[in-house]
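Report on the structure
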Amino acid sequence: MDTEKQIEALRRRLVAVAAWDHAVRGTTVWIFLLGAAMLVCRLLHYRLTPAFVASLPLVPILLAAAAILAVRRSPTKEAVAALLDAHFTQGGLVMASEAGLARQWPEASLPPMAVQWQGRQPLLVLLAAVSFLLAALWVPLERMGAGADLPLEIEAMVEQLEERIDLLKEIELIEEEQAQEWKTLMHALQQESSGTDPVATWEALDQLEKRIEDQAAIEVASRRQEVQKREELVAALKAALQAYEENRETADAAMKELSTLLQKAAEDNPNLKALLESLAEAGAQPLAAGGMLDHKTAQMLAERLSQMTEEDLMRMQQLMQQGLGQQAGSPRPDDMESLKRFLEENPGCSNLVACAGLSPSPGIGGVSRGPGTAPISWLNETSEEGVDFKEETLTASQTDSLKESLLVGESLGAPEVDSEAAGSTGGALAGSQANDSAAATYQVLPRHRDAVNRFFNREEGN
Amino acid sequence: MTDPLMTPEELASKTRLIKQTLEQLDAILLGRADLHRMVLAGILSRGHILLEGLPGLGKTALIHALGQVLQLDFKRVQFTPDLMPSDIVGAHILQQQEDGRREMQFQPGPVFTNILLADEINRASPKTQSALLETMQEHSVTLLGSTRALPEPFFVLASQNPIELEGTYPLPEAQLDRFLFKIPVGAVSVDTLQEIIRSRRRGEPPVPTWRLDPEALASLFDAMDRVVMAPAVARYIARLVSATHPGNTEAPELVAQYVQYGVSPRAAIGMAEAARAWALINNRPTVGFEDVRTVAPYVLNHRLVLNYRARFDQLGAYDLVVQLLGQIPETEMELPKNVKVGEGKA
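Residues numbered from 1 in each chain as written. Chains lettered and ligands numbered in written order. Predicted model: local features only at pLDDT ≥ 70, side-chain atom pairs only at ≥ 80, totals over all residues. Heavy atoms only, no water.

1. Thoughts on the overall build of chain A
- If you tally the helices and strands in chain A, you get 17 helices and 1 strand.
- Looking at chain A alone, contacts between residues at least 24 apart form 75% of all its contacts between residues at least 6 apart.
- A total accessible area of about 28,700 Å² is found for chain A, and carbon and sulfur atoms account for 54% of it. (Helix = DSSP H or I, 4+ residues; strand = E, 2+ residues; numbered from the N terminus. Contact = heavy atoms within 4.5 Å. Areas by Shrake-Rupley, 256 points an atom, 1.4 Å probe, with all protein chains shown as cover.)

2. Observations concerning the overall build of chain B
- The number of helices and strands found in chain B is 14 helices and 14 strands.
- Considering only contacts in chain B between residues 6 or more positions apart, those separated by 24 or more positions represent 75%.

3. What about the environment of G247 of chain B?
- One can find G247 of chain B in the loop between α9 (231-243) and α10 (253-258).
- Separated by 12 residues in sequence, G247 of chain B and V259 of chain B place their C-alpha atoms 10.0 Å apart.

4. Some thoughts on the nonpolar core
Residue and element names in this part refer to chain B.
- Counting 106 residues, the largest nonpolar core has F181 and M271 as the members making the most contacts within it.
- When residues in this core are grouped by element, the largest group, 11 residues, is from helix α11 (residues 265-281).
- If we ignore the near neighbours within four places in the chain, the residues touching F181 are M38, A41, G42, H48, I49, L50, A274, V295, Y298, V299 and H302.
- Counting 25 residues, the second-largest nonpolar core is a separate cluster that includes I88, V89, A131 and L176. (Core = buried A, V, L, I, M, F, W, Y, C linked by side-chain atoms within 4.5 Å. Buried < 20%, exposed > 50% of the residue type's maximum accessible area, 1.4 Å probe, protein only.)

5. Points about the sheet that holds strand β8 (residues 155-160) of chain B
Residues and elements named next belong to chain B.
- The sheet built from 5 strands is open, its strands ordered β2-β5-β8-β1-β9 with parallel pairing. Looking at the sheet topology across the chains shown, the edges are occupied by β2 (74-78) and β9 (179-185). Each neighbouring strand pair of the sheet contributes to a mean axis angle of 20°, computed without reference to strand direction.
- Strand direction decides the pairing type here: strand β1 (residues 48-53) and β9, joined by 6 bridges, are parallel. Bridge pairing links E52 to P184 in β9.
- Against the sheet, helix α3 (residues 59-69) touches β1, β2, β5 (115-119), β8 and β9, its axis set at about 170° to β5. (Pairing = 2+ DSSP bridges. Axes fitted to C-alpha atoms, helices over the stretch in contact; angles between N-to-C directions.)

6. Things to note about the packing of α9 of chain B against α11 of chain B
Residues and elements named next belong to chain B.
- The interhelical angle for the contact between α9 and α11, taken along N-to-C directions, is 140°, at an axis separation of 10 Å. Considering the angle they form, α9 stands oblique to α11. Between α9 and α11 lies a crossing whose hand is right-handed. Facing I237, L240 and V241 of α9, the residues of α11 in contact are A268, M271 and A272.
- Among the residues forming the contact of α9 with α11, the class breakdown is 6 nonpolar, no polar and no charged. (Parallel < 35°, antiparallel > 145°, perpendicular 65-115°, else oblique. Left-handed = near helix turned anticlockwise from the far one by under 90°. Nonpolar A, V, L, I, M, F, W, Y, C, P; charged D, E, K, R; others polar.)

7. Brief notes about the interface of chain B and chain A
- Facing 35 residues of chain B, the contacting portion of chain A comprises 38 residues.
- For the pair chain B and chain A, the summed buried surface comes to about 2,900 Å²; carbon and sulfur atoms form 67% of the total.
- Considering only the surface of chain B that becomes buried against chain A, M333, N338 and V341 of chain B emerge as the three largest contributors, covering 21% of it.
- Run the count over chain B and chain A and you get 0 salt bridges.
- On the surface where chain B and chain A come into contact, there are 5 residue pairs in polar contact (both at pLDDT 80 or more).
- Those elements that provide at least two residues to the side of chain B that touches chain A are α1 (8-28), α9, β12 (286-287), α12 (289-300) and β14 (339-343) of chain B.
- In terms of residue count, the dominant contributor to the side of chain B that touches chain A is β14 of chain B (5 residues).
- Here the residues of the side of chain B that touches chain A sort into 18 nonpolar, 8 polar and 9 charged. (Buried area = accessible area lost by both parts, 1.4 Å probe. Salt bridge = Lys/Arg side-chain N within 4 Å of Asp/Glu carboxyl O. Polar contact = N/O pair within 3.5 Å; in protein donor to acceptor, adjacent residues only side chain to side chain.)

8. Describing the side chain of R32 of chain B
All names here are of chain B.
- Relative to the elements of secondary structure, R32 occurs in the loop between α1 and α2 (33-44).
- For the buried R32, no salt bridge is present, and the opposite-charge side chain at shortest range is D34, 9.2 Å distant.
- Reaching out from R32, the side chain makes a polar contact with the backbone oxygen of L57 at a distance of 3.3 Å.
- Excluding anything up to four places from it in sequence, R32 contacts D26, L57, V185, G186, A187 and V188. (Lys, Arg positive; Asp, Glu negative; His and termini not counted.)

9. Topic: the packing of aromatic side chains
Residues and elements named next belong to chain B.
- Applying the stated rule across the entire model yields 7 aromatic pairs over all chains.
- Seen in terms of ring centroids, F106 and F112 are 5.7 Å apart; in terms of plane orientation they differ by 75°. Their pairing is edge-to-face.
- Taking the relative accessible area as the measure of exposure, F106 reaches 17% and is therefore buried.
- The class of F112 is buried, set by a relative accessible area of 14%.
- The ring of F221 has R46 sitting right over it, with the charged end atom 4.1 Å from the ring centre.
- Its end group placed over the ring of F106, R148 keeps NZ or CZ at 4.0 Å from the ring centre. (Phe/Tyr/Trp six-rings, centres within 6.5 Å; stacked < 30°, edge-to-face > 60°. Lys NZ or Arg CZ within 6 Å of the ring centre and 35° of its normal.)

10. What to know about unusual backbone geometry
- In the segment running from E152 of chain B into P153 of chain B, the intervening peptide bond is cis, with an omega of -10°.
- In this structure, P153 of chain B sits in the loop between β7 (146-149) and β8.
- The phi torsion at T89 of chain A lies on the positive side, around 45°, for a residue other than glycine.
- Topologically, T89 of chain A is positioned in the loop between α4 (77-87) and α5 (93-98).
- One non-glycine residue, H139 of chain B, lies in positive phi territory at about 55°.
- Turning to its location among the elements, H139 of chain B is positioned in the loop between α5 (126-138) and β6 (140-143).
- Residue H139 of chain B is classed as buried on the basis of its relative accessible area of 16%.

Below you can see the structure in the form of structure tokens.
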């Protein structure tokens, strides 16, 4: 073969093999990237087909780039001639022939030269890339738990909420329709919940739980007021009955006054009205007809009222054991055991609500008559549990939030105080409330008031 | 690479002269064919040659025979520790003229010759050795302000003994660099020894039967100028020389490990010239990569300054150059890693 032709043929083979090598390497990289993209698409639940179709035009571009790269890096004729010369030890004659200087010299008869592609390693890497792509396409991610579209595991929370709803319904704090509505909503949430988007489900469940708790808190607060009034009424009845034994004239006047008050109260309180009617059916003297409260009726009334109070308290205890009604300033469920022990140790406690610590305003008749049962401790920070509503000046941002808020109803429950709300966001006053400048922001707890009062009385005495 | 090549006929006439010269040398000094070719390559390259070997191996006989065959003026200087520079380059001597006047006259030293045999050159002091620097590089002698040219061609063929180093002075690098080749002269084979014993009674070499006349030698020098070196070969020489420097990117790990200083550009020039001569001796009008590989160890080995690690590992400069040649590819073609070129069908 002519040396010139042999040089050109070898050069073309080198370019072709180099292009093939570049194409294999580029394809390997492309398949790896495609596999990674497919994997990401599957994890993010995108459709694979558009991504795959979008990547197909890259194939001819890749092959063209490999060919262009091989051509651009193709060796020159001089380099190929030098390669041939060196390989066949031609002493520079091949290079001279290529340069056209050896026309008077016979053409060297060179054996053909092979260009080999040692492709074991690139092919193995390519095979690994293809395997990766196939794995990215067909590996069951759902079974592996990665990005699966499974419903969110909220059964425990749903069961707990259902128990609360059933309890509220059982103690007649909510209507049957309301309970059913909440349960339907909850089951719908359970059906629509998705493992890929748990936030929405959790937020919805949180809102539902908050609605239940708010409803329970409102009801507990309402019951608590009613229980307080009832206990005051029972105390008055007992006082009247005791006076009846001592001084009948005075007792008659008290009974008369009590009768008037009961009649007025019954007009506003359907429960009391129903109670009086039931007493009348049981043989007591009816008050509705203008009759005066007699000794027997008063006694029956006091017993029934006490019985109702105990029933209400039991219901409230049930609520609190379910974690409901705590926003109304009630003790926590875990405090009930200690409450039970307290009641056993203090059998003479006349005011169950006050003794149980359920009253938001402990003490009767002023600060000096509080329970004063809790010792003052200087060790740990005093819990603010049981503190009355405390007036606070709202910051500008809080005021804006209040203006933008929507009134959905009025509640007797304690307001929820967001402790993380800050009055200002920067500067020296960061984190301070508007009334932080007051000399003392602490309130005296009811159980400490007696001691505090004694302290100041002693100073006055001195 | 634009000059036309010698025609086959032109080259054949030169090759004939070379062949006859080598035949004469081979006949005078038995069993030294490779040495004769390398020495002739050095002569055709107009380079100086340092022969290193034990006594009695025929170094002096070779140089003497070369002078006879090439019909060049030949002088021998036995280097000793008390040899003075004036003993080599000459001196001004006070002479009385015919008219009775006395004046200083220059008495040329043995350096004014075509072939100077510097026997056991490492036994002279550095001062005397340095007297050869100008003569070897510029082919001239400067004495008392006047420069005198040496006859052309001028070659210094030196010999040194690698043993008995007591009382010797290693050649300075500047002078070593001026030698084109440093050729180790080794022992001959048993057959050669037998032939020497049979044909050389009393050790007297035969008288050459043919001599190269000066015109023929000049034509060989002219032919040297017409030997073509391709740019790829020149590039190969440049890469080789660059690879001997430990700090260069071309230097392989071997060089970085064992070489303290690389070779000079003079070595590259000498290698190119020697490769041309080798191509001419091998009947080729062009220089090939194999020519460079052949002459490179003799051009580079005495110019490399090895470090202490090479001494620890008993690695000589010659062996290091041979290894270096195996690590530097002839061409710079950048093929993909998995693409190999070899003989066979595509």
